[in-house]
Amino acid sequence: MNVIMQVTPHDPLVARDSRPFGAGQGNRMRSLLWPLPSVVAGAFRTALVKATPHVDFSGNMPQRLMQIGVAGLFPVNKDQLYLPAPHDAVAEPKENGKGIKKLHRVVPQATQGGCDLPEDSLQPVMLSELQAKGDFKPADVPAWWPVGKYTEWLLGKNLCFDSSFLLNPLQEKRDHVSLDAEIGAAADGLIFSTAGLNLTRLPRMDVDLSMPLLDRFAEITLSGRITIPDSETELKIGQQFGIWQPLGGERRMVHWQREEQQNRAKVIGWECPSEIRSALANTTKVRMVLASPAIFNDGWKPGWLTNGLSGELSGVKLRLVGASISRWKAVSGWSLAPPRGPKPIRRMVPAGSVYFFEVEKSGDAAALADQWLHSVCDNQQERRDGFGLAAWGTWNEKENR
């Protein structure tokens, strides 16, 4: 059973990075740009138990909860899902440095020079000589793209940024102090700061600063997809499901509720757009964009590429041509399921990373449309935790000429 959940934060959420924080470790909490999938998955599974009568965490309940799949969270504005910016979009700034002159698309291309890549037949993903002629330093692109614009990009169409694109959430920083009752001043060494993410509004791209403050921001909710196995008869999400539950650090509260309760239009984006479904059925070049960080057995490369750069996913035979990925990120955590204790540090491929594939003949890639925003990770538990959600599109080797 798949259920779409709406999540509404009550407070700025704390999504700590891995740097030490606490007594004797550090007095400044630093924040990630977005909560990790495993944090979201753990928070919902806890909320589900608390919302289910006559159920607790005893017996085999932790193992049963781990079978529930949690995908997301993604921003939603005007019933449209937002996805993280793809890494193959390179923005050329204007001459004055204010604004974006042109958005370039990078694809794999053969090169005459030497290139130290991990696989011999892998092609570098880079700007062409014509694109790089201006010798510019790339500008930042907006962090979150509406799924409609995202679809256009995945189909090879040109884009211009406007106020429908959203930036990373603002961080709310708070300074804390413990007062010494005797002297009425700060106790020695007990001053610290925390940072939280405001996930009720995101800044809009390219807005006039003379506009009213609220008009410069888009009001959002958060959306997640929950998958409960058919064999699970006790843990269910009813039509009236709704519960307040902490998410992330410092017990900051969010409200989980089933989307249908809102009596509004269905969130657009969780299902594969029809244009992409048609394009995949008529192409030999496929693009995979990570919508959430991924964990692969082979580091940067999916483990299902078992024969060098070739492999099979959902019955589709793919050959990797090139990849545009950012530097790896670390993820760890603490397991409350037996055996309890710290989780090992793993390397994540960041969200927005792009993999370029080829298939043998036109039509072979049609089945990938059914994998839209489903996980491509190697490990089944990491799939259930929401790592490695992927969006699919097409590419053309002549796009950046």
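Check the entry above for the structure.
These figures come from a predicted structure and were not determined experimentally. Counting of residues starts from 1 at the beginning of each chain's written sequence and follows it residue by residue. Totals for whole chains, interfaces and linings use every residue, but because this is a predicted model, local features are given only for residues with pLDDT of at least 70 and side-chain atom pairs only at 80 or more, for both listing and counting. Side-chain descriptors were evaluated using all non-hydrogen atoms of the structure, hydrogens and water having been removed beforehand.

## Overview of unusual backbone geometry
To keep it simple, the criterion reads: Helix numbers and strand numbers start at the N terminus; a helix is a DSSP run of H or I with at least 4 residues, a strand a run of E with at least 2. Only protein chains enter the accessibility calculation, which uses a 1.4 Å probe. A residue is then buried if its area is under 20% of the maximum for its type, exposed if over 50%, and partly exposed in between.
Cis geometry marks the peptide bond from G72 to L73; its omega dihedral reads 25°. Turning to its location among the elements, L73 is positioned in strand β2 (residues 69-77). Even without being glycine, S314 reaches a positive phi, approximately 55°. Within the secondary structure layout, S314 lies in the loop between β17 (310-313) and β18 (316-324). Residue S314 is classed as partly exposed on the basis of its relative accessible area of 38%. A positive phi angle is found at L373, which is not glycine, with a value near 55°. Within the secondary structure, L373 sits in the loop between β23 (354-358) and β24 (374-375).

## As for the packing of aromatic side chains
Using the following cut-off: Classification of ring pairs uses Phe, Tyr and Trp, with its six-membered ring standing for Trp, and accepts pairs whose centres are within 6.5 Å; under 30 degrees between planes counts as stacked, over 60 as edge-to-face, and the remaining range as tilted. Placement of a charge over a ring requires the Lys NZ or Arg CZ to be within 6 Å of the ring centre, with the centre-to-atom vector within 35 degrees of the ring normal.
Summed over the entire model, instances satisfying the criterion amount to 13 aromatic pairs. Consider the rings of W34 and W144, whose centres lie 4.6 Å apart with planes at 50°: the pair is tilted. Linking W34 in the loop between β1 (2-9) and α1 (37-51) with W144 in strand β8 (residues 144-146), this pair joins segments that are 110 residues apart in sequence. Like W34, the residue W144 is buried in the burial classification. On the numbers, 5.6 Å between centres and 70° between planes, the contact of W145 with F161 is edge-to-face. A residue pair is termed long-range when its members are at least 10 positions apart, and W145 in strand β8 and F161 in the loop between α3 (147-154) and β9 (171-179) qualify at 16 residues. The burial state of W145 is the same as that of F161; both residues are buried. An aromatic cluster is defined as three or more aromatic residues linked by ring pairs; in this entry it consists of W145, Y150, W153, F161 and F165. Seen from the ring of W328, R347 lies directly overhead, with NZ or CZ sitting 4.0 Å from the centre.

## Topic: the side chain of T52
Formally: By the criterion applied in these results, polar contacts are pairs of N or O atoms within 3.5 Å in which, for protein atoms, one can donate a hydrogen and the other can accept it, and in which residues neighboring in sequence qualify only through two side-chain atoms.
As for its placement among the helices and strands, T52 is situated in the loop between α1 and α2 (61-65). For T52, the side chain forms a polar contact with the main-chain oxygen of L48, separated by 2.7 Å.

## Here we look at the environment of T8
Going by this rule: Residue contacts are defined here by distance: any two heavy atoms, one from each residue, within 4.5 Å place the two residues in contact.
Position of T8 relative to the elements: it lies in strand β1. For the pair T8 and S223, spaced 215 residues apart in sequence, the C-alpha separation works out to 8.9 Å. When residues no more than four places from it in sequence are discounted, the contact partners of T8 are T221, W244, V254 and H255.

## Quick notes on α1
One full turn of an α-helix is made of 3.6 residues, so residues set three or four places apart face in the same direction. Under the convention used in this document: A helix is expected to reach a length of 1.5 Å times the quantity of its residues less one.
The end-to-end C-alpha separation of α1 is 21 Å, in line with the 21 Å expected for 15 residues at 1.5 Å each. Those residues of α1 that fall on the buried side of the exposure criterion are P37, S38, V40, A41, A43, F44, R45, A47, L48 and V49.

## Observations concerning the sheet that holds β18
Heads up, the rule is: Strand pairing is defined by DSSP finding a minimum of two bridges between the two strands. Lines fitted to the C-alpha atoms define the axes, with helices restricted to the stretch that makes contact. Angles between their N-to-C directions range from 0 to 180 degrees.
Taken in spatial order, the 6 strands line up as β17-β18-β23-β16-β25-β24 in an open sheet, and their pairing is antiparallel. The open sheet is flanked by β17 and β24, the only strands paired with a single partner. Here 4 bridges tie β17 to β18, and the two strands are oriented antiparallel to one another. Bridged to E312 within β18 is K317. Running at roughly 50° to strand β25 (residues 389-394), α3 makes contact with β16 (285-290) and β25 of the sheet.

## Here we look at the pairing of strand β5 (residues 100-105)
Bridge analysis of strand β4 (residues 89-93) against β5 gives 5 bridges, and the strand direction is antiparallel. In the sheet register, V90 faces β5, and the bridge partner there is H104. Linkage of β4 to β5, two consecutive antiparallel strands, is achieved through a turn of 6 residues, within which G97 is found at a positive phi near 80°.

## A look at the pairing of β2
With respect to burial, β2 is a largely interior element, 9 of its 9 residues being buried. Here 2 bridges tie β2 to strand β3 (residues 80-84), and the two strands are oriented antiparallel to one another. In the sheet register, V76 faces β3, and the bridge partner there is L81. In textbook terms, the turn of a hairpin is the stretch between consecutive antiparallel strands, and for β2 and β3 this stretch comprises 2 residues, one of which, K78, has a positive phi near 55°.

## Looking at a nonpolar patch on the surface
Put simply, the rule is: Like charges are joined within 9 Å and nonpolar side chains (Val, Leu, Ile, Met, Phe, Trp, Tyr) within 5 Å, but only among residues with over 30% relative accessible area and no salt bridge; these make up the patches. For the accessible areas, the method is Shrake-Rupley and the probe is 1.4 Å, while residue cover comes only from the protein chains on display. Between Lys or Arg on one side and Asp or Glu on the other, a salt bridge is scored when a side-chain nitrogen of the former is within 4 Å of a carboxyl oxygen of the latter.
On the surface, a cluster of nonpolar side chains totalling about 290 Å² of accessible area is made up of V177, L179 and I191. The exposure class of L179 is exposed, given its relative accessible area of 58%.

## A word on the environment of E271
Relative to the elements of secondary structure, E271 occurs in the loop between β15 (253-258) and α4 (274-280). Take E271: its relative accessible area is 54%, and that puts it in the exposed class. Expressed as a C-alpha distance, the spacing of E271 and V254, which sit 17 residues apart in the sequence, is 25 Å. In contact with E271, not counting residues within four places along its chain, are K266 and W372.

## Focus: the pattern of salt bridges
Counted under the stated rule, the structure contains 11 salt bridges. When the shortest N-O distance is used, the salt bridge between R64 and E234 registers 3.1 Å. Taken together, the positions of R64 in helix α2 and E234 in the loop between β13 (221-227) and β14 (242-246) put the pair 170 residues apart, joining distant regions of the chain. Taking the relative accessible area as the measure of exposure, R64 reaches 21% and is therefore partly exposed. What makes E234 partly exposed here is its relative accessible area of 39%. A salt bridge links E382 to R346, with the shortest nitrogen-to-oxygen separation between them at 3.0 Å.

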